[in-house]
Amino acid sequence: MEVFINNLPRNLSERSLTSHLKPFMDNLHIRHYDCNKRPNKPFGKVIFVTAKEAMTFLQTHACLYIMNQPAYCKVSQPQPKDLKNLVKGILHEAEEEERRKKAWEEDTSNNARPARTPTSALDADVLDCGHWSYIDGNLTFITEWSSNSRVSAKFAKHNLVITFSTGSQVSIPYRYIHELVWSIDGHIAVTLIYTPTFLSPPIPSERPGQPKRIRLEACDSNHAKVSNFCLVYHFKVLDKHLNLNQSNYRGSEFRTVIKGLNERNMFFVTQYAFALQTASPQDAYPVAVNRLRAALVDYERKKTLPYSLLFNLQALVYRSYLHPATVLKLAERLAEIFATARRSGERQDPISVDAFKDLFNTIDWPSPSLSGAEALAQFEVEGITEHLKKTEKRMREGYNLRLNEEIPPGLTKIYRAIVTPTRIELHGPEQEAMNRILRKFPENQDYFLRVQFAEEDGQDLFFNSTVSMDTIYQRFKNVLTNGISVGGRVYRFLGFSHSSLRAHSLWLSAPFIYDGRLHTHQNIIEGLGDFRNIMSPARRAARIGQAFSETPFSVSLYTHGITVIRQRDVKRNGRVFSDGVGIISQGALEVIHREIPESKGYPNCLQVRWAGAKGMLALDARLPGKQICVRDSMEKFRSNDQEHLEICDMASEPIPLMLNRQMIKILEDMGAPAKWFMKLQEKELQRLRAITDNVHNVATFLKLQCVGDSVHLSQFLKDLDKLSIDYRRDHFLRGVVEAVVLRELRLLKHKARIPVPHGITLFGVMDETGILREGEVYVTFETVDGRFKDPPTAGPVVVTRSPALHPGDIQIAHNVIPPAGHPLRELKNCIVFSQNGERDLPSQLSGGDLDGDTFNVIWDEKLVSTLNTFTAADYPRVEPLELNREVESKDMADFFVEFMKADHLGVIAVRHMIFADDRDEGTLDADCLKLAALHSKAVDFSKSGIHVDISELPRPPVYRPDFLVNGPDIKILDKSEIDMEEQYLRQDDDDGDDTPRYKYYASEKILGQLFRAVDEKKIWTKNIKLEVPSGGVPFWKELEQSLLQRIRGIGQVQWQHRLAEARRICESYEDAIRDAMVEFADSPTQPLKELEVVMGFILNKKGIQSRRQRDKSSKLSDAFARITKMVMNVLRPSTPPEEATSELHALELCLACFYVAVEKKSRPRDSWKRQVATDLESFRLVAGSALLLEIKAQEQKIRLRRAARSGGFVGVRGGSLVTGRGGRGGYRQPVRVDNNTAAEAATLQTAVTGAAFDSISPSITSAPTTPSSGSNYTHSSGSDTRDATFNSPRGLYIGYQPKLVHAQAAARTAGTSGGQVPSAAPANMPVKLTPAELVAQLEAQYAQMQIHQRN
């Protein structure tokens, strides 16, 4: 029951009301209740678990006094509609409190109570902002700004909150603090990693949902001049908190606070009596910054220094590494060094940008712990200069393996800036995926700047309904209006892609000369196409954004003779069935296959950009020659930039289907049985529990997760097992395995990411032949060596697309298998939709289309047969907001900021989830349907310019379902030890930052059941994190002894002379790993762990990655693969280098590297190196894996030679010696020539499916072409296939012969193998070889095997 309490003090908080009521509740033995009170309101509400307890309270306390003010209680009228969930929430909170208490009592590893946060406020005189400096070797705080009023500092649970007498606040999250320095006389100085959050005094408001504060750039206008550079804050606690005149100093409030901070161990807490000074006006930070900027402008104009150094000189100041006066002196010193080098005729820069960027990895924070002339030299010009020279020398003398110099295809190096609410950080140059703009100006890519708008810590801007961000968004607009000045150049707004808009990222450019013409941000855009008729800023930005889409691969159409044909769309009833999809011929595909990496296989569905067009291209085997057909719906604007076809993505292989919470909820409302979900989850839990049972499971799991593929990690673990060596005895290898398993476990529990064996995710394309009727699809994909179940047979399948919020976003279609030889059978890794019917199916699935959308398919009979579908949503098309004039750059820049401000997509999705669980009707509830419509509107915001007003959203319930709660924190101990931190204390806190505090109830619906069925703490401790017996021979020593024994069986290996080379390789590798640890971290000052780099995944403390961490993880994985592949290629080259003096050349180097890795001793910490540079461990894995592979290769070579000497028969198989699935690594097939007849063209089109080659002249030059997946698909007879004349919508393509296709398909399925027809069978029979021929063939096989294995 709910009780209403009136006449409460307006300034009484909800927490204070709970505290005031506690004595009354204790006297009545009422344990469980909940209070609700809005700020500045004279009333509140109390929820009781039972009506009996409520009436007992009312009978005793109809009137009670709170803060000397009478408050009157009565039964609320009406009672809340969600009272049942409110009561469940109270009981759930009580159970959680009891669980936490029990967990603490059972945790025998804790000897004392958990450290309590000191929450009493410490009054101080003023707040100072400044920086550290070493004066005569003594650490001194230099004040650059001081407040005009006293402050109160409160160390709350999560934040240090400093409140001014005016009510404004400075909020410093503890994770932002690097070190707190204190002295016994009450001085406290905190050195920060990021700028704090600045908040205005409270805003009076009577309306609910209005912001309570405004987020500011700084405390005041004077503070704004230094707040973006100075990251040290100081205050002096008043004497009343020190008890200086009393004997119990240790019991003072100040000492209690310091003791509590020490116990919590969140950051360094150091006692040190530091000096204080005030900066003189001539040396003030703003003055020094302006001097530096003027000097950099002059250096850029005169080309005194390379721009890469000018950029990074400014970055040292903008990222608060060094004082601007120091950087100015450093720039002057570098100018002298470069002038001397030029006079002496040196061609190479005396200091490279790579050597200079090393400063960002090495310069430490000023701290009392730093001492000695060498340590302090990193803050002085001479010391920095000497370090740069040493670094440059080391890099030049290092091994020729310069991992950062070789840029992989599809990537380039660009500069990057991060704009936060208070500052601008500069980074780079860093590797970035290519796009059309960067390709057009290959020599001027340093004139482009990638800009990210983010929180101070690099994460997405945090949405808080209680804090207005208007001031911050206005700052962002000013940045885009004025541009960003760096190193003498001014970068101005250029554009953004659709994906970068959602990631709050865009491109700026500075003016440059190219091909004798000045290029500015304006004429660069004009060169892309004609946008003058687009009067909507949002739509024009979206069209221009196509040129900024990441396109790793590009193919010249002119060079390869590929023609582009424009084709009409398939339309009916105002619907476009072919929306965003065109077709491509086999000949054009073959050209593309030669241009993309071998690892991508032979995809025949591509997501592309061309001129003003975007969308998918799918193979149509009937299309002759080298042709591409682009439809009207693909072309968004006219452009003359038509030479290159750019490839964004491709259907190289299918994507595993993972359920998500939105999909699960809709399926539950459609009638899906709970046991189906529970069974799938339990199966996945069993798999996760069993992973660490044996090495085979671990190796299989890592292979499926693509972890360590570049170093053959899964094979390495298998080989260790064969040697009876337990990998778990090495804490680093064990940490990698545990971390990957834990990642999957947490995704399963907190995101309901449940794999569906009979499910798949595929690109969508359209049936060009018209064979599929309304509601029919064709699902085709490769099983990829058994990783996926076979494609579905004919019958009903569930089809959907994420995100799905409307109950009609999941539909049932009928899967149809085209007859053998049909053109659709040539497609693979896609779902083909029908072009017939009243409405196209993709548009019914969350408003999808075919321009690159992926669709989820499930064919599990236990699910499909139970579902009842709902009518799909049909929202009206939203016309974009247009101007009555031509759109300007400023309009698009303003829209970018407005999008950041009003993009509520995530808020809507979470609120929909809450209502769907709370309401009995689930997703069919009226509020859920409204939220689904608003979500669709929010999705279109990026193109329409019309946003969702947050006030339109239905107000959420007080309690949330428990499956939205955060789990235990993840902590990486030391370098690779991972553990979970149990939350023993309640989540309530007193940070005073007005952040919403959520309450939860135990959901009874399927998502709640799934959530509670996963006890992650129990599974982690009992199944994943296993104890490993200690003692015995150390792991790497045991492996060394085993491998040396095998090497002795190969022969005498002299490797000691390769040690110097091995050390250089090790150093180069570890330099690259350190760079990755810094580059992909949220903050360079808090680098990733080496463990995260190796697994290619950034661990979030809460277990669930942010969007930015997901994006960075993908790039991190690619970076680690590049680094390790380069090292492996150096250790085991495909062909021996010229300097090789022995056929054991590779084995010598592998053994030397293994010795260096295993015997590497912990070196004393370099005074110039932060903790990131301490000893790394993964080179052991790289060297060990390479050595083991080389040993096995040499042993295999010995066996082949022995077999050759003994003579005998060897089976010779037709086709290539390297076999595999359809795609690269399979049989290589001849390419067509342009002068083929129509019949020959049709023959060749079908030949790629595995049919006969007897009609091809043997004189034709062989080259790779595309094996089809059609032959991999076994279909049933009868109704599973459909025969027809394969017409296009407007008739047969010229040269296409259906009968011939049928005949060749029959030959293909007549029991042939390896691409040979029965008449060629003798080619597969054993052949008697002479000893010489046998040796030659064995050596050829061995060489081919080596190349295949190393690639």
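See above for the structure.
Not measured: the values here are computed from a predicted model.

Visitor: Is there a simple way to think about the pairing of strand E41 (residues 854-858) in this case?
Guide: Consecutive residues of a regular strand have side chains that alternate between opposite faces of the sheet. Counting buried positions along E41 yields four of five residues, so the element is predominantly enclosed. The pairing of strand E36 (residues 759-766) with E41 spans five bridges and is antiparallel. Across the sheet, the residue bridging to Phe763 is Thr854, located in E41. By the bridge criterion, three bridges tie strand E38 (residues 795-800) to E41 in an arrangement that is antiparallel. Across the sheet, residue Val798 finds its bridge partner in E41, namely Ile858.

Visitor: Quick question: what am I supposed to make of unusual backbone geometry here?
Guide: Glycine aside, residues mostly have negative phi, and peptide bonds are mostly found in the trans state. Omega for the bond connecting Gln77 with Pro78 falls within 30 degrees of zero, at -5°, which places this linkage in the cis form. Here Pro78 shows up in the loop between strand E5 (69-75) and helix H3 (83-106). Note the cis peptide between Gly428 and Pro429, where omega equals 5°. In this structure, Pro429 sits in strand E19 (residues 424-433). The phi torsion at Cys706 lies on the positive side, around 55°, for a residue other than glycine. Turning to its location among the elements, Cys706 is positioned in the loop between helix H22 (695-704) and helix H23 (713-722). Residue Cys706 is classed as partly exposed on the basis of its relative accessible area, which comes to 46%.

Visitor: Before we go on, may I ask you to explain helix H31 (residues 1016-1024) in this structure?
Guide: Side chains of residues three or four places apart in an α-helix project in the same direction, reflecting 3.6 residues per turn. Buried residues of H31: Glu1016, Ile1019, Trp1020 and Ile1024, and no others. End-on, the buried residues of H31 take up no more than an arc of 100°, which puts them together on one face.

Visitor: Looking at this structure, how should I read the nonpolar core?
Guide: The nonpolar side chains of soluble globular proteins are, as a tendency, buried together. Of all hydrophobic cores here, the largest spans 140 residues; its most connected members are Phe155, Leu180, Ile188, Leu313, Leu316 and Ile484. Top element by residues in this core is helix H7 (residues 307-318). It accounts for nine residues. Those residues within four positions of Leu180 in sequence are excluded, and the remaining contacts are Phe155, Ile188, Ala189, Val190, Ile258, Leu261, Phe267, Phe268, Val269 and Thr270. If you look at the next biggest cluster of nonpolar residues, it comprises 114 residues, including Leu702, Phe1011, Phe1035 and Trp1055.

Visitor: Can you walk me through the side chain of Glu782 in this structure?
Guide: Tracing the backbone through its elements, the reader meets Glu782 in the loop between strand E37 (776-780) and E38. Within polar-contact distance, the side chain of Glu782 engages the side chain of Asn829 at 3.0 Å.

Visitor: Sorry if this is basic, but what is going on with the packing of aromatic side chains here?
Guide: Describing an aromatic ring pair means giving the distance of the ring centres and the angle of the ring planes. Tallying each qualifying case throughout the model produces 36 aromatic pairs. Between Phe48 and Phe57, the aromatic rings sit 5.3 Å apart at their centres with planes inclined by 40°, giving tilted as the arrangement. Pair check on accessibility: Phe48 and Phe57 agree, each one buried. Considering the side-chain rings of Tyr1069 and Phe1179, the 5.4 Å spacing of their centres and the 45° angle between planes classify their relative orientation as tilted. Of this pair, Tyr1069 sits in helix H33 (residues 1059-1079) while Phe1179 is found in helix H37 (residues 1178-1206), placing the two residues 110 residues apart along the sequence. You can call Phe1179 buried: its relative accessible area is 1%. In this structure, Arg960 is placed above the aromatic ring of Tyr998, and the distance from its NZ or CZ to the ring centre is 3.6 Å.

Visitor: Got a minute to help me understand the packing of helix H28 (residues 905-918) against helix H29 (residues 926-944) in this structure?
Guide: Working note: a packed helix pair is described by the angle between its axes plus the distance between those axes. Contact geometry of H28 with H29 gives a least axis separation of 9 Å together with a crossing angle of 165°. Between H28 and H29, the crossing angle belongs to the class labelled roughly antiparallel. The hand of the H28/H29 crossing is left-handed. Counted together, Leu905, Ile908, Ala909, Arg911, His912, Phe915 and Ala916 of H28 and Asp927, Cys928, Leu931, Ala932, Leu934, His935, Ala938 and Val939 of H29 form the full contact between these two elements.

Visitor: Looking at this model, I keep getting lost on the sheet that holds strand E1 (residues 2-6). Mind explaining?
Guide: Hydrogen bonds between backbone atoms are what pair the strands of a sheet, whose relative direction is either parallel or antiparallel. Taken together, the five strands give an open sheet; going across it, the order is E2-E3-E1-E5-E4, and neighbouring strands pair in antiparallel fashion. Edge positions in the sheet fall to strand E2 (33-36) and strand E4 (63-66), since each of these pairs with one other strand and no more. Each strand axis lies, on average, 30° off the axis of its neighbour in the sheet, ignoring direction. In this structure, E2 lies alongside strand E3 (residues 43-48), joined through four bridges in antiparallel fashion. Paired with Tyr33 across the strands is Phe48, a residue of E3. Of the strands in this sheet, E1, E2, E3 and E4 touch helix H1 (residues 14-27), which is tilted by about 140° from E2. Its contacts with the sheet put helix H2 (residues 51-60) on E1, E3, E4 and E5, and the angle it makes with E5 is roughly 140°.

Calculation notes
- Residues numbered from 1 in each chain as written.
- Predicted model: local features only at pLDDT ≥ 70, side-chain atom pairs only at ≥ 80, totals over all residues.
- Heavy atoms only, no water.
- Buried < 20%, exposed > 50% of the residue type's maximum accessible area, 1.4 Å probe, protein only.
- Helix = DSSP H or I, 4+ residues; strand = E, 2+ residues; numbered from the N terminus.
- Pairing = 2+ DSSP bridges.
- Arc of directions from axis to C-beta.
- Core = buried A, V, L, I, M, F, W, Y, C linked by side-chain atoms within 4.5 Å.
- Contact = heavy atoms within 4.5 Å.
- Polar contact = N/O pair within 3.5 Å; in protein donor to acceptor, adjacent residues only side chain to side chain.
- Phe/Tyr/Trp six-rings, centres within 6.5 Å; stacked < 30°, edge-to-face > 60°.
- Lys NZ or Arg CZ within 6 Å of the ring centre and 35° of its normal.
- Axes fitted to C-alpha atoms, helices over the stretch in contact; angles between N-to-C directions.
- Parallel < 35°, antiparallel > 145°, perpendicular 65-115°, else oblique.
- Left-handed = near helix turned anticlockwise from the far one by under 90°.

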